[in-house]
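# Descriptive analysis of the structure
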Number of protein chains: 4
Amino acid sequence: MLPAEVRIDDLMTAAADLFIAKGIEATTVNDIVELAGVGKGTFYHYFATKEDVILALRERFSRDFTNKVAAALAECPGDDHRACFATWLRGTVEAYIANYELHDVVFHEFRHSSRNSKEKEIVIAQLSALLAEGAKAGAWSLPDVRAAAIAIYDGMHGVVDDAIVAGNGDAGAICEKLSLLFDRILIA
Amino acid sequence: MLPAEVRIDDLMTAAADLFIAKGIEATTVNDIVELAGVGKGTFYHYFATKEDVILALRERFSRDFTNKVAAALAECPGDDHRACFATWLRGTVEAYIANYELHDVVFHEFRHSSRNSKEKEIVIAQLSALLAEGAKAGAWSLPDVRAAAIAIYDGMHGVVDDAIVAGNGDAGAICEKLSLLFDRILIA
Amino acid sequence: MLPAEVRIDDLMTAAADLFIAKGIEATTVNDIVELAGVGKGTFYHYFATKEDVILALRERFSRDFTNKVAAALAECPGDDHRACFATWLRGTVEAYIANYELHDVVFHEFRHSSRNSKEKEIVIAQLSALLAEGAKAGAWSLPDVRAAAIAIYDGMHGVVDDAIVAGNGDAGAICEKLSLLFDRILIA
Amino acid sequence: MLPAEVRIDDLMTAAADLFIAKGIEATTVNDIVELAGVGKGTFYHYFATKEDVILALRERFSRDFTNKVAAALAECPGDDHRACFATWLRGTVEAYIANYELHDVVFHEFRHSSRNSKEKEIVIAQLSALLAEGAKAGAWSLPDVRAAAIAIYDGMHGVVDDAIVAGNGDAGAICEKLSLLFDRILIA
DNA sequence: TATGAATGAGGCTTCATTCAT
DNA sequence: CATGAATGAAGCCTCATTCAT
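Keep in mind it's a predicted model, so treat the numbers as computed, not measured.

All right, on to the state of the cysteines then. This structure, assessed with the given rule, holds four disulfides over all chains. The disulfide that involves C76 of chain C links it to C84 of chain C, with 2.2 Å between the sulfurs. Neither residue differs from the other here; C76 of chain C and C84 of chain C are each classed as buried. Summary of cysteine pairing: C175 of chain A is not part of a disulfide, and the nearest cysteine sulfur, belonging to C76 of chain A, is at 14 Å. Take C175 of chain A: its relative accessible area is 7%, and that puts it in the buried class.

In this approach a probe as big as a water molecule rolls over the atoms, and the regions it shows empty are the leftover space. This structure, assessed with the given rule, holds two cavities of 30 Å³ or more. If you add up the space inside the largest cavity, you get close to 40 Å³. Lining the largest cavity are A151, I152, F182 and I185 of chain A together with A151, I152, F182 and I185 of chain B. Of all the secondary structure elements, the ones that give two or more residues to the lining of the largest cavity are α7 (145-165) and α8 (171-185) of chain A together with α7 (145-165) and α8 (171-185) of chain B. Of the residues contributing to the lining of the largest cavity, the split by class is eight nonpolar, no polar and no charged. Estimates place the volume of the second largest cavity at around 30 Å³. In this structure, the second largest cavity is lined by F61, D64, F65, K68, A95 and N99 of chain A. The set of elements that each furnish at least two residues to the lining of the second largest cavity consists of α4 (50-74) and α5 (81-108) of chain A. Considering each element in turn, the lining of the second largest cavity owes the most residues, four residues, to α4 of chain A. Its residues assigned to classes, the lining of the second largest cavity shows three nonpolar, one polar and two charged.

Let us now look at the packing of helix α5 (residues 81-108) of chain C against helix α6 (residues 118-136) of chain C. Residues and elements named next belong to chain C. Look at α5 against α6: their axes get within 12 Å of each other, and the N-to-C directions meet at 170°. Judged on the interaxial angle alone, α6 and α5 are roughly antiparallel. Each of H81, C84, F85, W88 and F107 in α5 lies in contact with α6, whose residues at this interface are E119, L127, L130, L131, E133 and G134. Looking at the contact of α5 with α6 residue by residue, the class counts come to seven nonpolar, two polar and two charged.

Before going further, it helps to spend a moment on the relation of the copies chain D and chain C. Overlay of chain D on chain C (RMSD 0.3 Å): rotation 179°, translation along the axis 0.1 Å. On the angle and the small slide along the axis, the relation comes out as a two-fold axis. Most of the interface of chain D is mirrored in chain C, where 97% of its interface residues again form contacts.

Our focus in this paragraph is the pattern of salt bridges. Summed over the entire model, instances satisfying the criterion amount to 30 salt bridges over all chains. A salt bridge links D162 of chain B to R146 of chain A; its shortest N-O distance comes to 2.8 Å. Of this pair, D162 of chain B sits in helix α7 while R146 of chain A sits in helix α7, placing the two residues on different chains. The class for R146 of chain A is partly exposed, based on a relative accessible area of 30%. For D9 of chain D, the salt bridge is made with R60 of chain D, and the minimal N-O distance between the two is 3.1 Å. Residue D9 of chain D is located in helix α1 (residues 4-22), and its partner R60 of chain D is located in helix α4 (residues 50-74); the two are separated by 51 residues in the primary sequence. Because the salt bridges share partners, they merge into one network encompassing E121 and R146 of chain A together with D162 of chain B.

Taken together, the contacts link 37 residues of chain A with 36 residues of chain B. Joining chain A to chain B, the criterion identifies four salt bridges. Note that K177 of chain A and D144 of chain B form a salt bridge whose closest N and O atoms lie 3.6 Å from each other. Summed over the shared surface of chain A and chain B, the number is six residue pairs in polar contact (both at pLDDT 80 or more). Per-element accounting of the side of chain A that touches chain B gives the leading share, twelve residues, to α7 of chain A.

With 38 residues of chain D at the contact, the number on the chain C side is 37 residues. For the pair chain D and chain C, the summed buried area comes to about 3100 Å², and 59% of that belongs to carbon and sulfur atoms. Linking chain D with chain C are four salt bridges. Along the contact surface separating chain D from chain C lie six residue pairs in polar contact (both at pLDDT 80 or more). If you list the elements that add at least two residues to the side of chain D that touches chain C, you get α1, α5 (81-108), α7 (145-165) and α8 (171-185) of chain D. Counting residues per element, the side of chain D that touches chain C draws most heavily on α7 of chain D, which supplies 13 residues. In terms of residue class, the side of chain D that touches chain C is made up of 19 nonpolar, six polar and 13 charged.

Our next topic: the packing of aromatic side chains. Going through the model one piece at a time under the given rule, you end up with 28 aromatic pairs over all chains. Seen in terms of ring centroids, F61 of chain A and F65 of chain A are 5.9 Å apart; in terms of plane orientation they differ by 20°. Their pairing is stacked. Pair noted here: F61 of chain A and F65 of chain A are both in helix α4, with a separation of four residues, about one helical turn. By relative accessible area, F61 of chain A is classed as buried at 8%. Here F43 of chain C and F47 of chain C contribute two aromatic rings whose centre-to-centre distance is 5.5 Å and whose plane-to-plane angle is 40°, an arrangement assigned as tilted. By way of ring pairs, the aromatic residues F43, Y44 and F47 of chain A are connected into one cluster.

The N-to-C vectors of α8 of chain A and α8 of chain B enclose an angle of 125°; their axes lie 7 Å apart at closest approach. Considering the angle they form, α8 of chain A stands oblique to α8 of chain B. Here α8 of chain A and α8 of chain B pass one another in a crossing that is right-handed. Across from L181, R184 and I185 of chain A in α8 of chain A, the residues of α8 of chain B making contact are L181, R184 and I185 of chain B. Of the residues in the contact of α8 of chain A with α8 of chain B, the class split is four nonpolar, no polar and two charged.

Further remarks concern the domain arrangement of chain A. All names here are of chain A. Parsing chain A into structural domains produces domain 1 (1-47) and domain 2 (57-185). Inter-centroid distance (C-alpha atoms) of domain 1 to domain 2 is 30 Å. The interface is formed by ten residues belonging to domain 1 together with seven residues belonging to domain 2. Summed over both partners, the interface of domain 1 with domain 2 buries about 720 Å², with 73% contributed by carbon and sulfur atoms. Among the residues domain 1 hides against domain 2, the three largest losses belong to M12, I20 and I24. Together they make up 64% of the total. Where domain 1 touches domain 2, the interface holds one salt bridge. Applying the counting rule to domain 1 against domain 2 returns one residue pair in polar contact (both at pLDDT 80 or more). Along the lines of polarity and charge, the residues of the side of domain 1 that touches domain 2 split into six nonpolar, two polar and two charged.

Another aspect to go through is the protein's contact with DNA strand F. Around DNA strand F lies a shell of 35 residues, among which T42 and Y46 of chain B, K40 of chain C together with R7 and T42 of chain D are the nearest. Within 4 Å of the protein, the contacting atoms of DNA strand F are 60% sugar and phosphate, with bases supplying the remainder. The contact in question runs from a phosphate oxygen of DNA strand F to an N or O atom on the side chain of R7 of chain B, over 2.8 Å. Residue assignment for the surface near DNA strand F shows that the elements contributing at least two residues are α3 (40-46) of chain A, α3 (40-46) of chain B, α3 (40-46) of chain C together with α3 (40-46) of chain D.

Thresholds applied
- Residues numbered from 1 in each chain as written.
- Chains lettered and ligands numbered in written order.
- Predicted model: local features only at pLDDT ≥ 70, side-chain atom pairs only at ≥ 80, totals over all residues.
- Heavy atoms only, no water.
- Disulfide = S-S within 2.5 Å.
- Buried < 20%, exposed > 50% of the residue type's maximum accessible area, 1.4 Å probe, protein only.
- 1 Å grid on protein atoms, 1.4 Å probe; cavity = no way out; pocket = protein on both sides within 12 Å on 5 of 7 lines; lining within 4 Å.
- Points joined across faces, edges and corners; volume = space filled by probe spheres on them.
- Helix = DSSP H or I, 4+ residues; strand = E, 2+ residues; numbered from the N terminus.
- Nonpolar A, V, L, I, M, F, W, Y, C, P; charged D, E, K, R; others polar.
- Axes fitted to C-alpha atoms, helices over the stretch in contact; angles between N-to-C directions.
- Parallel < 35°, antiparallel > 145°, perpendicular 65-115°, else oblique.
- Contact = heavy atoms within 4.5 Å.
- Least-squares fit on C-alpha atoms with pLDDT ≥ 70 in both.
- Salt bridge = Lys/Arg side-chain N within 4 Å of Asp/Glu carboxyl O.
- Polar contact = N/O pair within 3.5 Å; in protein donor to acceptor, adjacent residues only side chain to side chain.
- Buried area = accessible area lost by both parts, 1.4 Å probe.
- Phe/Tyr/Trp six-rings, centres within 6.5 Å; stacked < 30°, edge-to-face > 60°.
- Left-handed = near helix turned anticlockwise from the far one by under 90°.
- Domains from an automatic or database assignment.
- Near = heavy atom within 4 Å.

As structure tokens, then:
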């Protein structure tokens, strides 16, 4: 009898926790409703299929991620492109660290219909725009903006993953390390 | 009554083809034995479980990959570190393009027990050694060799994936693009 | 959507009939659900495994058995121990004859985790108490009450089994035969 | 290349050990040949089916059992029937204790075609003869020799089982306990 | 809205047995 | 005599989904 959104949120959170803990395949709808504390029928009131939750989770993750980064970027002065990039990097790393487990499960474990996901495209576009602007303003030059954006984004992922595995999940230290690397790419 | 290796290879190849075409979950052991042209019992004579084939495929992929890159590197002059890196890049890109579909399925679609796979560690170590040597010889300097290796490797993956999706899977063109990027990182 | 107990009972009864007719191993879960007239999933809705039904059957058998004998004993005068024993014997033989087929299948055919089953212990305790009381009251003397209880109980089983095989399953005749035997044990 | 009997014996012993340890159903032919240290084909050289080993084991057990008891009886003076029974009891208890695990598995766990096994019939016949002779000689009287034989035999089984479970597997003590009981049956 | 009993297709796996070498 | 690769029928169990209440 709670508002629908609460129910939906309970279910999605339960699903996310289980997906992270046991993997998507190993998580049954039964598990989800049990953890969420609702009947099985309730699940199918709000989601047409199990896959639906994954998609919903994916969207929620992307929305959160993009919003976080956008919020960070909003506060950076439009003319200092170098600072802008640093802000982007910081925001991205923090947003990723905060939810990398869900990211893994929801974006990797679930078979993509196509190799490139819509979600990744958004964030790449975001970064590409930033890089292109900087290039136009002469802050740096880049032979291929898209390739640079992808390399930076995926490179960031890899380094953060490695830091996490190494037990060093401090965003500040990671960003510093990455800045030294990416600043080399962003030259005139 | 063929030699065991032939059967194993038949089964692994059949499995790989199906995994690529339909995904791991959608591929049944029945599918595999049917394509391999053997009885179902034969599958379980050589693999304890369905998961086992995935693991075997992963290992085979890694071994092949590492060998190909190592073979390429073997032919490059020890003192020209820049050329060496180019060789590594070329070998890696080619090896990846040749098998990226299997790579995807076997490394992404199947849940890793730990986040960092032994397999990735090997190739990162290979590249790290190359980068460290170049640094020692003064060909370039790097604040963090491992971070650079990871960023380069994962960046390469992303860019190649993007190129493949864009329908531009030519190793040469991709390498050129990547060289321009990575050469910026490898500076004194 | 019948009450759970009805379904459980249907399944247990179907299982019992089939176990008796074909043996446990030869009876498949498919057979059971078919005879019970429910879907296969329903079986696993109520029992975790096939073994579970056997255990449930065992418990049901024991409960019924103990209750029947206890009911018989309840009506016997507390001071006539000899009559009490006769009542016990009669009740036990009848209860056993009524269900020996299920008893066989469920207690013999299925591997016990331990050699002595909790179930047998209960009935031995019941008889031991009866024998001990008679001994205390001087109706008879016994050097080892437990050993006597076991010998009487197992001896009864053997003789009843033999009578059944010989096609002579009349409880009255069997009890008379057994009384002559056991009365010799129950002497002062 | 060993004499056939050795092979057969190795296989039967391996099977017996595994049947006792894991149960008949849980023991595979693979397990047996592995423990016996021979190839799987060898098993089927000597036994037509898995069931065959069980039957062979049963026969071996019965032969051993009967022989042991017969050997014990051979040494007892023909005219002292009471001593003869004591000898029988002692021999039976010892033979049973020595192999009760195998007995359990091979006679209980494996579904009898009929409720009374040929093997049990032999030992009951042996005891019945002994009891009948004693009765004829006036050493005791019995209203129903067969019923007494069965009750004594099965009663013995139960008491020995109980002693084993209680961790008291000493044949002497058990026999004494049983003698006190059975002597009450064997009266004039 | 909410529930949970009921379903059944279909997956994975086992294992006794055969037979070419 | 001995082997062990090969088989395939058959079993147990899972689980997403439906629907009557």
